[in-house]
Amino acid sequence: EDSALHQRAVFNDLQIRHALGIEVETSARLQSRVARGFGDELQFWSNLTDESYTYNVEGLEKMQVRLKAYNLIKSAYLTQNRAKTEEIALLLKLPKLAISSLFEAYPNYRAMNQRLFTVLEKHRPWQTAYPNKSVLEANAELEYFFAQFPFTIPASSAKEPVHIPAE
């Protein structure tokens, strides 16, 4: 569904536009039809019975390290220069051979970064070095960071929709 479509678009190096002003209505079904779909998230939330449970997400430092690695990967694809493979591997706590293999397996930096996101979720050395934090703590870190380094997102112009043929 949405996730699979997004993954196909990224793998095929199609430009994806995230329209911030669009509202959507979604099903409340708890049996997701795809892994990592919204139904999975709703199922997770509905099973929370302990009111002291905290929802954990990546914190600012973890996000900064991941994005630094992603930018190095982007540069490697755009320049056709893999000289930073070892630095990427060190940042992400992955073997250099794993990074080299991903460069070979994925046709563009967006697809490789998308795959790395799912790999890192389960990669113990990465998770140990940068454990997730409560969403409240992570939000406070981001609020503090953006108070120190404010920026604005430029308005974008409308473009024609892209039609992806069904397989």
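Quick note: structure is the one above.
The rules we used
- Residues numbered from 1 in each chain as written.
- Predicted model: local features only at pLDDT ≥ 70, side-chain atom pairs only at ≥ 80, totals over all residues.
- Heavy atoms only, no water.
- Helix = DSSP H or I, 4+ residues; strand = E, 2+ residues; numbered from the N terminus.
- Buried < 20%, exposed > 50% of the residue type's maximum accessible area, 1.4 Å probe, protein only.
- Areas by Shrake-Rupley, 256 points an atom, 1.4 Å probe, with all protein chains shown as cover.
- Phe/Tyr/Trp six-rings, centres within 6.5 Å; stacked < 30°, edge-to-face > 60°.
- Lys NZ or Arg CZ within 6 Å of the ring centre and 35° of its normal.
- Core = buried A, V, L, I, M, F, W, Y, C linked by side-chain atoms within 4.5 Å.
- Axes fitted to C-alpha atoms, helices over the stretch in contact; angles between N-to-C directions.
- Parallel < 35°, antiparallel > 145°, perpendicular 65-115°, else oblique.
- Left-handed = near helix turned anticlockwise from the far one by under 90°.
- Contact = heavy atoms within 4.5 Å.
- Nonpolar A, V, L, I, M, F, W, Y, C, P; charged D, E, K, R; others polar.
- Patch = residues over 30% accessible without salt bridge, like charges linked within 9 Å, V, L, I, M, F, W, Y side chains within 5 Å.
- Salt bridge = Lys/Arg side-chain N within 4 Å of Asp/Glu carboxyl O.

*Asks:* Which residues make up the overall build of the chain, and what values go with them?
*Replies:* Counting its secondary structure elements, the chain contains eight helices and two strands. If you list the helices and strands of the chain from N to C, you get α-α-β-α-α-α-α-α-β-α. By the burial criterion, 24% of the 167 residues in the chain qualify as buried. Total accessible area computed for the chain in this model is approximately 12,500 Å², and 56% of it derives from carbon and sulfur atoms.

*Asks:* So what's going on with the packing of aromatic side chains? Which residues, and what values?
*Replies:* Here the structure, examined in full by the defined rule, presents five aromatic pairs. Ring geometry for Tyr77 versus Phe103: centroids 5.2 Å apart, planes at 50°, classification tilted. Here Tyr77 is found in helix α3 (residues 60-79), whereas its partner Phe103 is found in helix α5 (residues 96-105), with 26 residues between them in sequence. Side by side, Tyr77 and Phe103 carry an identical accessibility label, which is buried. Residues Phe145 and Phe146 carry aromatic rings whose centres are separated by 5.2 Å and whose planes lie at 80° to one another, so their mutual orientation is edge-to-face. Its end group placed over the ring of Tyr77, Arg82 keeps NZ or CZ at 4.8 Å from the ring centre.

*Asks:* Just give me the short version of unusual backbone geometry, but keep the residues and values in it.
*Replies:* If you check the backbone angles, Asp13 has positive phi at about 60° while not being a glycine. With a relative accessible area of 39%, Asp13 lands in the partly exposed category. The residue Lys93 is not glycine, and still its phi comes out positive at about 60°. Within the secondary structure layout, Lys93 lies in the loop between α4 (85-92) and α5.

*Asks:* Let's hear about the nonpolar core: which residues, and what values?
*Replies:* If you look at the biggest cluster of nonpolar residues, it comprises 24 residues, and the most contacted ones within it are Ile73, Ile88, Leu92, Ile99, Phe103, Met112 and Leu116. Among the secondary structure elements, those contributing two or more residues to this core are α3, α4, α5 and α6 (109-122). Counting residues per element, this core draws most heavily on α3, at seven residues.

*Asks:* Provide a residue-level description of the packing of α3 against α4, including the pertinent values.
*Replies:* Close contact between α3 and α4 brings their axes to 9 Å; oriented N to C, the two are set at 160°. In terms of orientation, α3 and α4 fall into the roughly antiparallel class. Crossing handedness for the pair α3 and α4: left-handed. Across the interface between the two elements, Val65, Arg66, Lys68, Ala69, Leu72 and Ile73 from α3 touch Glu87, Ile88, Leu91 and Leu92 from α4. Its residues assigned to classes, the contact of α3 with α4 shows seven nonpolar, no polar and three charged.

*Asks:* Could you give me a rundown of a nonpolar patch on the surface, with the residues and numbers involved?
*Replies:* Judged by side-chain polarity, Phe38, Phe44, Trp45, Leu48, Tyr53, Tyr55, Val135 and Leu136 come together as a nonpolar surface patch covering roughly 750 Å² of accessible area. Of all the secondary structure elements, the ones that give two or more residues to the nonpolar patch are α2 (38-46) and α8 (135-148). Residue contributions to the nonpolar patch peak at three residues, all from α2. Among the secondary structure elements, Phe44 is positioned in helix α2. Given the relative accessible area of 33%, Phe44 is considered partly exposed.

*Asks:* Describe in detail the pattern of salt bridges, supporting the description with residues and values.
*Replies:* Tallied over the full model, the rule gives six salt bridges. Between Glu137 and Lys133 there is a salt bridge, with the nearest N and O atoms lying 3.9 Å from each other. The partly exposed category is assigned to Glu137, whose relative accessible area is 42%. For Lys133, a relative accessible area of 25% corresponds to the partly exposed category.

Worth remembering: the numbers are spatial, not functional.
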